[in-house]
Amino acid sequence: MKYYFEKTTDYAFEEAVEKVTEELKKEEFGVLTEIDVQPTLKKKLDVDFRKYLILGACNPPFAHKALQAENKIGAMLPCNVIVQELENGKTEVVAVDPVASMKAVQNDKLGGIAGEIRAKLEKVIENV
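First, a word on scope: everything that follows refers to the structure included in this document.

1. Overview of the environment of E116
For E116, the position within the fold is in helix 5 (residues 109-127). Here the alpha-carbon distance between E116 and I73, two residues 43 residues apart in the chain, equals 16 Å.

2. Quick notes on unusual backbone geometry
Here L77 and P78 are connected by a cis peptide whose omega angle stands at -5 degrees. Positionally, P78 belongs in the loop between helix 3 (60-69) and strand 4 (79-85). Positive phi values are uncommon outside glycine, yet E28 reaches one of about 70 degrees. Along the chain, the position of E28 falls in the loop between helix 1 (13-26) and strand 2 (30-36). Positive phi, normally seen in glycine, also occurs at D46, with a value near 55 degrees. With a relative accessible area of 58%, D46 lands in the exposed category.

Conventions adopted
- Throughout this document, residue positions are counted from 1 along each chain, in the order its sequence is written.
- Residue-level local features of this predicted model are given only where pLDDT is at least 70; pairs of side-chain atoms are given and counted only at 80 or more, and the full residue set underlies all totals for whole chains, interfaces and linings.
- Water and hydrogen atoms play no part in the side-chain values, which are based on all heavy atoms of the structure.
- Numbering of helices and strands runs from the N terminus, with a helix taken as a DSSP run of H or I at least four residues long and a strand as a DSSP run of E at least two residues long.
- To sort residues, take the accessible area from a 1.4 Å probe on protein chains only and compare it with the maximum for the residue type: under 20% means buried, over 50% means exposed, and anything in between is partly exposed.

Here it is, written out as structure tokens:
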């Protein structure tokens, strides 16, 4: 089972970030964190890397449900979405598949929650 959903777009990197953020909002996700990998790797390792942004997306009602069902699930939150520049000039958008992630957790209550979040994240990726 793949642990992510992806889509390659013709958007410029910055446009793809804006579009993903808009689509996340439509599905009631906020972006809690942004990790800009390119400057981080340059600063820490002095290496050049492509544009690569990790967005930590959270849907508060679903996060609350998940935390009520499993008190240690916070170790797997928020849902990560990445935007990365490809060599061919295109931009790829990728979201974690929460159903695949939750298979590691032995808690049946999380299955339905993960399925609902999966549907929302799939819609985000499809609409980019």
